[in-house]
Structures are given as C-alpha cells and as structure tokens.
Amino acid sequence: PPPGALRGRRVVVTSGPTHESIDPVRYIANRSSGRQGHAIAAAAAAAGAEVVLVSGPVSIADPAGVAVVRVETAREMLSAVEAALPADLFVAAAAVADWRPTVAADLKIKKRDGAPDPVLALDRNPDILAAVAARREGRPRLVVGFAAETDRLLDHAADKLRRKGADVIVANDVGSGSGVMGGADNEVHLVSRGAAGAGGDARIEAWPKLGKDEVARRLVARFAA
Ligand code: C5P
C-alpha cells in the first residue's frame, strides 16, 4: 500500500484459533497458526492505521506497532472485538471454533476401566463476523471475512458473503496438499459484492500464490483503496 494509505483509520483484526475447554487440560480448536491474520494487522499498521489485533492462542510474535488483545474462547473474542469497535475496517481472519463443549468440567475427566467413554455435547458459538456485519450503529465501513474450505471453495465463499453480510470474503483452499495450513504461502480468491449489492452476483478475482506477508500487503492496499 502507498505509505500512509490508512493514516487516521482504525482497524480491528481477529487472528488465530479459539480454544474451547473440555476440562482444565483439554480443548477443541481449529487448526490455525495466526500467520495470515497477524500479517494483515502488521500491514495495516505499516500503512499508518491504528490497529487492534484480537488474537486467540498462537505461538508467533506480536506484530510491531499493533495493540494486541489476547483471548482464549470465541465468546471472549466477541467481547474483545466489541470493546475495540468502532473501526473503519474489520478483518475476521480468526479460525473461530464453531462449537464449544456445553459443559467445561472443573476437574480433569478421568478414564476408568469399565466406565463408559465420555460423549461431548456441543453448543454453537457466536459468529463474530456476522455479528459485526449486522451492527446497525457503528458498522465498520468495510467488513472482511475469510473462507477456508476444502471443497467447492467459491460456492461456499459466495454463500458466506451473503449469509454473514460481509463486504468481501477472502477465500482460500486449505485442502490436503495445499500447504496453506501453517505454511508461508497462500493462494486466495477475492469474493466481493457485485454491483447489485448483497442480492447480486458476487465478483470473483483470482490471485496468484504469494507469501502470506505479500497477500496481507495487497489486501491492505485494496481495502485502503
Ligand atoms: O463459517 P466459517 O467459520 O467458515 O466462516 C469463516 C469466517 O467467519 C472467517 O472470517 C471467520 O473469522 C469468521 N467467523 C467468526 N466467528 C465464528 C465463525 C467464523 O467470526 N464463530
């Protein structure tokens, strides 16, 4: 992006997985390194924005020049995002767990010979992207989500654009062999609302395979424009 392209703008980014407790030593989560979300936060800060990065548990370093809020669960992530708004741009790059165990046990669940194995009951987590996109007051000017899919990538992405009320979905194929999960590169499609708005056809743009840092810089340049 041109230097200062986002000066005076506020940007909120989610990144990483969420962890949903089963008991004090176990959790369910999605696979996510946080690399793409963190790179977007760093690129937005480099373009002059005031950036809040709401991050689930990751093992990578905090980006420079960014205020980082660390959370564990989807519900904590939603509260932290709401506290960080208003913003001009919201980018939901986190791999939020869609469900959490209905009950998180206070004590470690023990396995005992002859005892039945546990069955996990799950409750649905709030959808942070959809909640931000649906805000009547203080909706960010631009709301961006990701779609990590293993099949029918563009169909799912266009569907997500409509269902979640986002302006842009960055779609990436995370099927086996893509190397995207935890890797350094990403090959994305940009799926955005057509001229007719949410009801119209989505506009689709294919980008070449690039490093996640370069994908982040190009995304930020587009969002700034
Ligand atoms: O539905 P799915 O999880 O595939 O949607 C992905 C997009 O929605 C991502 O942008 C992700 O950050 C966001 N999301 C969210 N809250 C959820 C689930 C997904 O913000 N509970």
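Just so we're clear, the structure is a prediction, and the values are computed from it rather than from any experiment. (Residues numbered from 1 in each chain as written. Predicted model: local features only at pLDDT ≥ 70, side-chain atom pairs only at ≥ 80, totals over all residues. Heavy atoms only, no water.)

## Examining the layout of surface pockets
Once rolled over the atoms, a probe with the size of a water molecule shows which space is left empty.
Turning to step 1, where the next piece is worked out: Size it by volume and the largest pocket reaches roughly 1,000 Å³.
Turning to step 2, where the next piece is worked out: Along the walls of the largest pocket sit 40 residues, with N30, A94, A95, V96 and F146 positioned nearest its centre.
Turning to step 3, where the next piece is worked out: When contributions to the lining of the largest pocket are tallied by element, the ones reaching two or more residues are β1 (10-15), α1 (35-46), α3 (128-133), β9 (142-149) and α4 (153-164).
Turning to step 4, where the next piece is worked out: A per-element tally of the lining of the largest pocket places β9 first, with four residues. (1 Å grid on protein atoms, 1.4 Å probe; cavity = no way out; pocket = protein on both sides within 12 Å on 5 of 7 lines; lining within 4 Å. Points joined across faces, edges and corners; volume = space filled by probe spheres on them. Helix = DSSP H or I, 4+ residues; strand = E, 2+ residues; numbered from the N terminus.)

## A short note on the site of the ligand
Turning to step 1, where the next piece is worked out: If you check the shell around the ligand, you find A92, A94, V96, D98, P126, D127, I128, L129, G145, F146, K160 and K164 and nothing else.
Turning to step 2, where the next piece is worked out: Here an oxygen atom of the ligand sits 2.7 Å away from a polar atom, N or O, in the main chain of A94.
Turning to step 3, where the next piece is worked out: Contacts to the ligand include F146, whose backbone N or O atom sits 2.7 Å from an oxygen atom.
Turning to step 4, where the next piece is worked out: For the ligand, whose accessible area on its own is 440 Å², the fraction buried by protein is 87%.
Turning to step 5, where the next piece is worked out: Of the pockets mapped on this structure, the ligand occupies the largest pocket.
Turning to step 6, where the next piece is worked out: The set of elements that each furnish at least two residues to the shell around the ligand consists of α3, β9 and α4.
Turning to step 7, where the next piece is worked out: Partitioned by chemical class, the residues of the shell around the ligand number seven nonpolar, one polar and four charged. (Near = heavy atom within 4 Å. Polar contact = N/O pair within 3.5 Å; in protein donor to acceptor, adjacent residues only side chain to side chain. Areas by Shrake-Rupley, 256 points an atom, 1.4 Å probe, with all protein chains shown as cover. Sits in = over half its atoms within 2 Å of the grid points. Nonpolar A, V, L, I, M, F, W, Y, C, P; charged D, E, K, R; others polar.)

## Description of the UniProt feature "binding site: CTP" (unreviewed entry) in the protein
Turning to step 1, where the next piece is worked out: Under the feature "binding site: CTP" (unreviewed entry), the UniProt entry names D98, K108, P126, D127, I128, L129, F146, K160 and K164. For this annotated set, covering 67 residues, the C-alpha atoms extend up to 37.1 Å from each other, a dispersed arrangement in space. Those annotated residues lining the largest pocket are, specifically, D98, P126, D127, I128, L129, F146, K160 and K164.
Turning to step 2, where the next piece is worked out: In this fold, D127 is placed in the loop between β8 (122-124) and α3.
Turning to step 3, where the next piece is worked out: One polar contact links the side chain of D127 to the main-chain amide nitrogen of L129, over a distance of 3.2 Å.
Turning to step 4, where the next piece is worked out: For K160, the location among the structural elements is in helix α4.
Turning to step 5, where the next piece is worked out: Residues within four places of K160 in sequence aside, it is in contact with F146, A147, E149, G165 and I169. (UniProt positions renumbered as here; feature names shortened; annotations may be inferred. Contact = heavy atoms within 4.5 Å.)

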